[in-house]
Amino acid sequence: MRCYPPPRNMTPGCSARSVLCFAAIFAAVCAGACKTSAPSEPQPAARPTAQPAQRASAYRPSLEESARRIADEYARQRAEEDAGAPGAASDPRRIDVGGLAAVDVVAVRFGSKWIVGAVERDRVSIGLAGAERIHQLREDEQRPLNAIEMARIIGALHYYPYPVWDGAFWSETASTTGIIGRTTGATPILTPRPQGGRDLTFSFFIPEGSSGAGDHLAHIRVTDSRLLIDMAPHPEQR
């Protein structure tokens, strides 16, 4: 819009005061119309604050109920593998690992073999899959596992009844008597991988009289997609 100055000639009836008023009003209108507004800086969108996932309600069924559910899941997996019935479940025992009130970790014996499961209200995950499930739930709650916690959990769910070294103590298991007098091992450590993910290493021990007896170094790959992969297969599975 183009602004014009006030007219030079006024009618004889206009007073000086009228002229001043007219000039002031005209100047204000022109100033408002002619002013070019500087563009305002775009404001960055507010970044939402990351919130921990809501924790599932506590779930702690009877020991017998957890053992029954683990037995059912183990039988289902063996049927899929065409491996035959696992036999009767016995000697269930609860293991205090994971730090999740919504997950019951229980070991159950089938003959000479132990199976450990992570029992939730809506699912059962056994073996390394159970350790993986606990790892993922802790990540969801923004309470990631450190190397020692991860070694204890994987030791309980994947290597039970063999004791695991946490850097200070061997875990208490059905085979604890086999490590009397042993006070050392490979301290659990998580090492970044150049290709992504991390490597977890720690010691576990198989007592004399069992297949694969001796000291062993567990090597678990922890992927960026939160999977756990056994890179040094369990001695009983080799």
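Shown above is the structure to which this text applies.
Note that the coordinates shown come from a computational prediction; the quantities given were computed from them, not determined experimentally. (Residues numbered from 1 in each chain as written. Predicted model: local features only at pLDDT ≥ 70, side-chain atom pairs only at ≥ 80, totals over all residues. Heavy atoms only, no water.)

**Brief notes about unusual backbone geometry**
Phi is mostly negative for residues that are not glycine, and the peptide bonds are mostly trans. Filter applied, for reference: We count a stretch as a helix when DSSP gives it H or I for four or more residues in a row; a strand needs E for two or more, and each element gets its number in order from the N terminus. A simple rule labels every residue: compare its accessible area, found with a 1.4 Å probe on the protein chains alone, to the largest value its type can have, and call it buried under 20%, exposed over 50%, or partly exposed in between.
With an omega dihedral of 15°, the bond running from Tyr160 to Pro161 counts as a cis peptide bond. Along the chain, the position of Pro161 falls in the loop between helix H4 (147-159) and strand S5 (189-192). Within the chain, Asp91 stands out as a residue other than glycine whose phi angle is a positive 50°. Assignment of secondary structure puts Asp91 in strand S1 (residues 89-94). At Gln142, a position not held by glycine, the phi torsion is positive, near 55°. Following the sequence through the fold, Gln142 ends up in the loop between helix H3 (128-140) and H4. Taking relative accessible area as the criterion, Gln142 reaches 43% and is therefore assigned partly exposed.

**A closer look at the sheet that holds strand S2 (residues 104-110)**
Inclusion rule: By this definition, two strands are paired if DSSP reports at least two bridges between them. Between N-to-C directions, angles span 0 to 180 degrees; the directions come from axes that are lines fitted to C-alpha atoms, helices contributing only their stretch in contact. Throughout, a residue-residue contact means that at least one pair of heavy atoms, one from each residue, lies within 4.5 Å.
Ordered in space as S1-S2-S3-S4, the 4 strands form an open sheet in which the pairing is antiparallel. Whereas interior strands pair on both sides, the edge strands pair on one side only; in this sheet they are S1 and strand S4 (124-126). With direction set aside, neighbouring strand axes in the sheet form an average angle of 30°. Pairing of strand S3 (residues 113-119) with S4, which is carried by 3 bridges, proceeds in the antiparallel orientation. Residue pairing in the sheet places Ala118 in a bridge with Ser125 of S4. Contacts from H3 reach S2, S3 and S4 within the one sheet, and its direction differs from that of S4 by about 120°. Along the sheet face, H4 touches S2, S3 and S4 and points at about 125° away from the line of S3.

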